[in-house]
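Spelled out from the first residue to the last, the chains are:
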Amino acid sequence: MQASISLQRDARQQYLLRIGDTCLILAQRLGEWTGHAPVLEEDIALANMALDLLGQARAVLTLAGAPQGLDEDQIAFLREERDYFNPTLVELPNGEGRPGDFALTVLRNAFVSTQLKLLWQRLLDSSDEELAAIAAKAVKEARYHQQHAADWVLRLGDGTQESNRRMQAALDKLWPYVAELFAQDEVDEAAAESGLGPRWAELRQEWLSEIGPLLQAATLAQPADRPFLSTGRRGVHSEHMGYILAEMQHLQRAFPGGAW
Amino acid sequence: MNAAQRAVPTRVQRAWDVLAGVLDPEVPALSLCDLGIVRDVREDGEALEVVLTPTYSGCPATEVIERSVAEAVEGAGLGPVRLKLQRAPAWTTDWISEDGRRKLREYGIAPPGHLAAGAAAPIRLVPRRIAPVACPRCGSTHTEQLSAFGATACKSLHRCLDCREPFEHFKPI
């Protein structure tokens, strides 16, 4: 079996991996819908968004691995769980069983695409030219993902009694994981100081000003904030992360360097 | 330099001519030049450097495009080729040539509108109205969107409510 790589774990690399892993892990979750979405159009939509996210992940992981001489595949497939830095929100299963809950999937897409859109917008001014170039392309894609997700949140939230009930249940389940998107720490601090990118905490106000009216228009009740804080961005994940990594990594571990 | 010498196209010009004939693998109505994917061709010592820019981050055709560019230019005896991927400035549908837009329409795909001014405008999540796209067959704007995503990353699906034909739209980005 292919051995794991170890990271140098400096603040720059960790900041980049937070972005790249958000895209990578959400792409994997969205990919689970392929062939199983409620209607063909949404099957295509979820697969397309997964592909965009995977493309963004490839670019950012390449950038994150370069100083250590690691390529995108090594970075994507050969890390241990603690070396992934996505927020816990994106690793949560799509819902009970497979393929899961469509309401939860599109609501999470609305949360994450809004966050990524705001982040890419700020990264246009990154001191790292390559990151700024990746952001210029990705921001257009994130905008489109956000519109698609918001349309569904509105349609299901302000839909039938049953669709509203399911969307509200998804909101109650996901809301506790939103706080982590805006948690402050030394990694974000270093990025802000070096000009690499913004503290994610700086995006909170704008995120709320876009998501709040959406939830309201969708006749959903925004849950109260609680002290719980998930820790995926620090590498400490939920119990779901190991399973998703096993699925993602097993081929590369079993056939080192395998390509097609 | 005499007139006869001037008439002979340079290596760079010949490469552009060759590339004008290389079709996009996913929208084979257009050449890579029509799409604006080929940003530059220049001589760099022995090699001919071709600068390409990707359309979408996750476009699965990117690798095929790189291969077909290298094969076409080397096949015309203009190699060796060195490919350079350039992300900035980001590709936009505004780079699709007028000729390319006409070819798209003839192929049955509604061409993207021009972005220019509206690109950076804040988007409204609610309420939102999707601007109607003109049907590439009958020109009617009495159309509806069937799906925000299509068979490739760059297209959405629509239907004309007058001539009843479904059609694809090249999304403006």
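Residues numbered from 1 in each chain as written. Chains lettered and ligands numbered in written order. Predicted model: local features only at pLDDT ≥ 70, side-chain atom pairs only at ≥ 80, totals over all residues.

K.L.:
Run through the overall build of chain B, naming residues and quoting values.
P.N.:
Along its length, chain B carries 5 helices and 7 strands. Ordered by position from N to C terminus, the α and β elements of chain B give α-α-α-β-β-α-β-α-β-β-β-β. Looking at the 173 residues of chain B, the share that counts as buried comes to 33%. Put simply, 54% of the contacts in chain B that link residues at least 6 apart link residues at least 24 apart. (Helix = DSSP H or I, 4+ residues; strand = E, 2+ residues; numbered from the N terminus. Buried ≥ 20, exposed ≤ 12 C-beta atoms within 10 Å, placed from the backbone. Contact = placed C-beta atoms within 7 Å.)

K.L.:
With reference to specific residues and values, describe the overall build of chain A.
P.N.:
Secondary structure assignment for chain A yields 10 helices and 0 strands. Counting from the amino terminus, helix and strand elements in chain A follow one another as α-α-α-α-α-α-α-α-α-α. For chain A, whose C-alpha radius of gyration is 18 Å, the value lies close to the compact-globule estimate of 18 Å for 260 residues. Principal-axis analysis of the C-alpha atoms places the extent of chain A at approximately 55 × 40 × 35 Å. Counting every position in chain A, which comprises 260 residues, the buried fraction comes to 47%. (Rg over C-alpha atoms; globule rule 2.2 N^0.38 Å.)

K.L.:
Report on the confidence of the model for chain B, specifying residues and quantitative values.
P.N.:
Counting all residues, the mean pLDDT for chain B is 86, and 87% of those residues have values of 70 or more. ipTM for the predicted complex: 0.83, alongside a pTM of 0.91. (pLDDT = per-residue confidence, 0-100.)

K.L.:
Account for the nonpolar core, with residues named and values stated.
P.N.:
Counting residues in each nonpolar core, the largest one holds 104 residues, and the members touching the most others are A27, V60, L107, V153 and M167 of chain A. Split by domain, the residues of this core number at least three in each of domain 1 (3-91) and domain 2 (96-116 + 130-170) of chain B. Not counting residues within four places of it along the chain, the set of residues in contact with V60 of chain A comprises L16, I19, G20, C23 and I134 of chain A. (Core = buried A, V, L, I, M, F, W, Y, C linked by C-beta atoms within 7 Å. Domains from an automatic or database assignment.)

K.L.:
Which residues make up the sheet that holds strand β6 (residues 155-160) of chain B, and what are the values?
P.N.:
Strands sit in the order β4-β7-β6-β5 (chain B) across an open sheet of 4 strands; the sheet is mixed. Of all the strands in the sheet, just β4 (109-110) and β5 (143-147) of chain B have a single pairing partner and so form its edges. (Pairing = 2+ DSSP bridges.)

K.L.:
Describe in detail helix α7 (residues 161-174) of chain A, supporting the description with residues and values.
P.N.:
Residues and elements named next belong to chain A. In a regular helix each residue adds 1.5 Å, so 14 residues correspond to 20 Å; α7 covers 20 Å between its end C-alpha atoms and thus fits that length. Listing the buried residues of α7 in full gives R166, M167, Q168, A170 and L171. Packing partners of the buried residues in α7 comprise α5 (102-123) and α6 (129-157). (Expected span 1.5 Å × (residues − 1).)

K.L.:
Can you break down the domain arrangement of chain B residue by residue, with the values?
P.N.:
All names here are of chain B. According to the domain assignment, chain B consists of domain 1 (3-91) and domain 2 (96-116 + 130-170). Between the C-alpha centres of domain 1 and domain 2 the distance comes to 27 Å. The partner domain 2 presents 10 residues to the 10 residues of domain 1 that form the contact.

K.L.:
Tell me about the pairing of β6 of chain B, and please be specific about residues and values.
P.N.:
As a general feature of sheets, a regular strand has side chains that alternate between the two faces. All names here are of chain B. Bridge count for β5 against β6 is 4 bridges, and the pairing is antiparallel. Residue T143 lies in a different strand from β6, and its bridge partner there is C160. Connecting the antiparallel pair β6 and strand β7 (residues 166-170) is a turn made up of 5 residues, with R164 showing a positive phi of about 70 degrees.

K.L.:
Could you give an account of the environment of R199 of chain A, with specific residues and numbers?
P.N.:
All names here are of chain A. As for its placement among the helices and strands, R199 is situated in the loop between α8 (186-194) and α9 (204-217). Judged by the 20 C-beta atoms lying within 10 Å of it, R199 falls in the buried class. Each C-alpha atom, one on R199 and one on V187, is 8.6 Å from the other, the two residues being 12 residues apart in sequence.

K.L.:
Lay out unusual backbone geometry in plain terms, naming residues and giving numbers.
P.N.:
R98 of chain A connects to P99 of chain A through a cis peptide bond whose omega is 0 degrees. Among the structural elements, P99 of chain A can be located in the loop between α4 (88-91) and α5. That bond from A88 of chain B to P89 of chain B is cis: its omega, -5 degrees, falls within 30 degrees of zero. By the secondary structure assignment, P89 of chain B is in the loop between β3 (81-85) and α5 (98-107). Phi at T219 of chain A is positive, roughly 55 degrees, even though this residue is not glycine.

K.L.:
I'd like a description of α8 of chain A, backed by residues and values.
P.N.:
Residue and element names in this part refer to chain A. What α8 keeps buried is the set V187, D188 and A191. Angular distribution of buried residues about the axis of α8 spans 95 degrees; they occupy a single face of the element. Away from its buried face, by an angle of more than 90 degrees, α8 presents the exposed residues E186 and E193. Tucked into the core, α8 has its buried residues touching α1 (11-31). Following α8 by one or two positions, G195 adopts a phi angle in the positive range, close to 85 degrees. (Arc of directions from axis to C-beta.)

K.L.:
Kindly report on the environment of A61 of chain B, identifying the contributing residues and their values.
P.N.:
All names here are of chain B. Position of A61 among the secondary structure elements: in the loop between β2 (47-52) and α4 (62-75). Looking at A61, the number of C-beta atoms within 10 Å reads 19, which means it is partly exposed. Note: C-alpha distance between A61 and T152 (91 residues apart in sequence) is 9.6 Å. Those residues in contact with A61 that lie beyond four places of it in its chain are P25 and E26.

K.L.:
Break down the sheet that holds β3 of chain B for me, citing the residues and quoting the values.
P.N.:
All names here are of chain B. Taken in spatial order, the 3 strands make up an open sheet running β1-β2-β3, and their pairing is mixed. Of all the strands in the sheet, the pair left with one neighbour each is β1 (38-44) and β3. With direction set aside, neighbouring strand axes in the sheet form an average angle of 20 degrees. Strand direction decides the pairing type here: β1 and β2, joined by 6 bridges, are antiparallel. The residue of β2 that forms the bridge with R42 is E49. Packed onto the sheet, helix α2 (residues 11-19) meets β1 and β2 and runs at close to 145 degrees relative to β1. (Axes fitted to C-alpha atoms, helices over the stretch in contact; angles between N-to-C directions.)

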